[in-house]
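# Topology and contacts: notes
What follows is the residue order along each chain.
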Amino acid sequence: MTAQSDSLIRFLLPDAGVRGVHVRLHATWQDIQSHGEYPDSATELLGEACVASALFTGHTKVDGRLSIQLRSNTALRTLFAECTAAGTLRGIVQIAEGGDAPRDLTDLGRDALLAITIENPGLDPREPQRYQSLVALTAPELDEAFEDYFRQSEQLPTRLLLAAGRDGTAGLLLQKLPGDEGDDDGWSRASALFDTLGKAELLATPAEELLHRLFHEEKAELVGDKALSFACSCSRERVASMLVSLGEEEARAAAEDTGAVDVRCEFCGQEYHFPLTEFGILFHGAQGVVPAPERLQ
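Structure report, in brief. (Residues numbered from 1 in each chain as written. Predicted model: local features only at pLDDT ≥ 70, side-chain atom pairs only at ≥ 80, totals over all residues. Heavy atoms only, no water.)

The next thing to look at is unusual backbone geometry. Positive phi outside glycine occurs at Lys 219, with the angle close to 55°. Lys 219 gets classed as exposed once you look at its relative accessible area, which sits at 55%. (Buried < 20%, exposed > 50% of the residue type's maximum accessible area, 1.4 Å probe, protein only.)

Before going further, it helps to spend a moment on the pairing of strand E1 (residues 7-13). Burial of E1 is extensive: five of the seven residues sit out of reach of the surface. By the bridge criterion, seven bridges tie E1 to strand E2 (residues 18-25) in an arrangement that is antiparallel. Each residue of the ladder has a partner; that of Leu 13, found in E2, is Val 18. Where E1 hands over to E2, the hairpin turn is made up of four residues, of which Gly 17 adopts a positive phi near 70°. (Helix = DSSP H or I, 4+ residues; strand = E, 2+ residues; numbered from the N terminus. Pairing = 2+ DSSP bridges.)

Our focus in this paragraph is the sheet that holds strand E11 (residues 229-230). The sheet built from six strands is open, its strands ordered E7-E6-E3-E4-E5-E11 with mixed pairing. Both edges of this open sheet fall to strand E7 (129-135) and E11, since each of them pairs with a single strand only. As judged from the seven bridges shared by strand E6 (residues 113-120) and E7, these two strands associate in the antiparallel manner. By the bridge assignment, Glu 119 is partnered in E7 with Arg 130. Seen against the sheet, helix H2 (residues 40-59) touches strand E3 (65-71), strand E4 (76-84), strand E5 (88-95) and E6 and runs at an angle of roughly 30° to E4. (Contact = heavy atoms within 4.5 Å. Axes fitted to C-alpha atoms, helices over the stretch in contact; angles between N-to-C directions.)

Our focus in this paragraph is the state of the cysteines. Within the structure shown, the criterion is met by zero disulfides. Counting only cysteine sulfurs, Cys 50 is the nearest neighbor of Cys 83, a cysteine outside any disulfide, at a range of 9.2 Å. With no disulfide partner, Cys 234 has as its closest neighbouring cysteine sulfur the one in Cys 268, 3.5 Å distant. Looking at Cys 234, the relative accessible area reads 14%, which means it is buried. (Disulfide = S-S within 2.5 Å.)

Attention shifts here to the sheet that holds strand E10 (residues 221-227). A sheet is described by the order of its strands in space; here five strands give the open sequence E8-E9-E2-E1-E10, paired in antiparallel fashion. Strands at the two margins of the open sheet, each flanked by one partner only, are strand E8 (158-164) and E10. Sheet twist, expressed as the average angle between the axes of neighbouring strands with direction ignored, equals 10°. Two elements, E8 and strand E9 (residues 169-176), share seven bridges in a ladder whose sense is antiparallel. Each bridged residue has a counterpart across the sheet, and for Thr 158 the counterpart in E9 is Gln 175. Contacting E1, E2, E8 and E9, helix H4 (residues 186-195) runs over the sheet at an angle of about 15° to E8. Against the sheet, helix H6 (residues 207-215) touches E1, E2, E9 and E10, its axis set at about 20° to E1.

Structure, rendered in C-alpha cells:
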C-alpha cells in the first residue's frame, strides 16, 4: 500500500443519478495512532470517525474544517476526528483507565452526544462561522447512525460503510442526487450493489479497483480526488491564547511547583514551555496574541 492510497475520490454514477465518495487511509492513520495508545474498540471507532470526517468533506462544501465529536459519561469520554479542506486529518480518543469503547454505540446511554461541526472562515478571520448538527445514536454502528442522520436531515437516500483496523481505514458513501436525475430504478440498483460490499473487502481493495468491481455496469465516472495526510493545527500562539483565557492567577498557580507551565498537544505530542519569566509579556503584552480557541487546537 503506497502513500497514494491516502486519498479522497469523488465519483458519479450518471445513469443512476447517484454521487459517491471513497476514502482510504494508511500512512495518515498510522500517524494518528502513533500519538496515543488505545484499546481495540476505541481504535476501530477512531479510525471510522477519521474516515467519516474526510468523507463528509467530499460530500459537503467545507472551506475550513469538519469535525466529528462523540461524548459520553461511560468509559468512552471523548472521541474527536477532524478533516480540513486541505485534506489534513487528526483525531484522538479519551478513555477511562481500564475501559474501552462499546461495540454497540447504543450502550453509551441517552446522555451521549454525537455531533458534526463545520467551521468555515468568516468575514472576520478571528470569528469563523460554525454550523453544528447533532446525530441521534439510535444504531449500534457509527456508519448506521450517520446513514440515519443524512436520510432525515437532508432527506436524500444515503448509504455509508466505514471500516477500520490497526493497519488501515476506509469508507464509501453513496447518495442520490437531488431532483429527478437518473432513471427510475437507479438508486435501487446502486444500493443493491452497495449491499454486496463488506467491511473486509472495503479495507483490502484499492479505490479504483473497488469502484470498478462494484459499479462497472453503471459506468462510474471519477470527478475529483485529493491527497490526505496527518497534520495538527496547534501552535505556540494558540496555546498562549488558551493560557491568557485561563487568567494569570490560575497560570501562576499551575507554574508554582516547576517555575513553568508545560502543555502537551494530545493530537500530535508537541510540547510547549512557558516559564514564569515570560508571564509579564504573556499577560500584560497580550494584545498581539491571537484570540483564545474554544479548545486546545
